[in-house]
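Letter by letter, the chains look like this.
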Amino acid sequence: MVYHILCEVDPKREEELDNFLRDKMKKFWLAQPGVSRFHVFGDHLANKVERIITIEIGDFGNFDKILILDERKALRSELMQIATNVTSRVLEIIE
C-alpha cells in the first residue's frame, strides 16, 4: 500500500518544507517496521508549489501501528504549520 500526502507551500517556505521532509519525516518513516520507500516529488504546475509524498508500507497492520505513534502525530502537526491544503489518502497497489 502507499500512503500519499499532497500539500501546497508558499514559495518563501519551500526550502523549509523540503528540509523538514528530508531531515525529519523521511528519517521517521523509514525507521518504521514495514516501510520500504519514502519519496518526495515536486510539482510546479498551475502557479502553485506542491509536494507529493509517497510512503510505501507493507500492510494496514503496520500502518495502523504507525498512525497512533505520538512522534508521527507531532510530525503531522509540524507539517500543517509549514504547508497548506494538506490532503492524504491510502492507495492500494493493484498492479
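Use the structure listed above.
Keep in mind that this is a model prediction, so the values were computed, not measured.

Some words on the nonpolar core
Core analysis: the largest hydrophobic core is formed by 24 residues, its most contacted members being Leu17, Met25, Trp29, Ile55 and Leu79. Elements that contribute at least two residues to this core include exactly β1 (2-9), α1 (14-30), β2 (35-43), β3 (49-57), α2 (60-67) and α3 (70-82). When residues of this core are assigned to their parent elements, the largest contribution, six residues, is made by α1. Setting aside its immediate chain neighbours within four residues, Met25 contacts Ile5, Phe20, Phe38, Leu75 and Leu79.

Section: the sheet that holds β2
Across the sheet, which stays open at both edges, the four strands sit in the order β2-β3-β1-β4 with antiparallel pairing between neighbours. Of all strands in the sheet, those bounded by a partner on one side alone are β2 and β4 (84-91). This sheet shows a mean twist of 15° between the axes of neighbouring strands, independent of strand direction. Examined bridge by bridge, β1 and β4 share six bridges and lie antiparallel to one another. Opposite Glu8, over in β4, you have Thr84 as the bridge partner. Running over the sheet, α1 touches β1, β2 and β3 and is turned about 170° from β2.

Details of the pairing of β1
In terms of residue burial, β1 counts as a mostly covered element, since seven of its eight residues are buried. As paired elements, β1 and β3 share eight bridges and run antiparallel to each other. Its bridge partner lying in β3, His4 is registered against Thr54.

Comments concerning the side chain of His4
As for its position among the elements, His4 is in strand β1. Not counting residues up to four positions away in its chain, the partners in contact with His4 are Ile52, Ile53, Thr54, Thr87, Ser88, Arg89 and Leu91.

Some words on the side chain of Glu8
Relative to the helices and strands, Glu8 is located in strand β1. Judged by its relative accessible area of 18%, Glu8 falls in the buried class. In this structure the side chain of Glu8 is engaged in a polar contact, spanning 3.5 Å, whose partner is the side chain of Lys48. Beyond its immediate sequence surroundings of up to four residues, Glu8 is in contact with Lys48, Val49, Glu50, Ala83, Thr84 and Asn85.

A word on the packing of aromatic side chains
A full pass over the atoms with the stated rule returns three aromatic pairs. On the basis of an interplanar angle of 50° and a centroid distance of 5.7 Å, the ring pair of Tyr3 and Trp29 is categorised as tilted. Taken together, the positions of Tyr3 in strand β1 and Trp29 in helix α1 put the pair 26 residues apart, joining distant regions of the chain. In terms of burial, Tyr3 and Trp29 fall into one category: buried. The interplanar angle of 85° and the centroid separation of 5.5 Å between the aromatic rings of Phe28 and Trp29 together place this pair among those described as edge-to-face. Taking the relative accessible area as the measure of exposure, Phe28 reaches 4% and is therefore buried. By relative accessible area, Trp29 is classed as buried at 2%.

About the cut-offs
Residues numbered from 1 in each chain as written. Predicted model: local features only at pLDDT ≥ 70, side-chain atom pairs only at ≥ 80, totals over all residues. Heavy atoms only, no water. Core = buried A, V, L, I, M, F, W, Y, C linked by side-chain atoms within 4.5 Å. Buried < 20%, exposed > 50% of the residue type's maximum accessible area, 1.4 Å probe, protein only. Helix = DSSP H or I, 4+ residues; strand = E, 2+ residues; numbered from the N terminus. Contact = heavy atoms within 4.5 Å. Pairing = 2+ DSSP bridges. Axes fitted to C-alpha atoms, helices over the stretch in contact; angles between N-to-C directions. Polar contact = N/O pair within 3.5 Å; in protein donor to acceptor, adjacent residues only side chain to side chain. Phe/Tyr/Trp six-rings, centres within 6.5 Å; stacked < 30°, edge-to-face > 60°.

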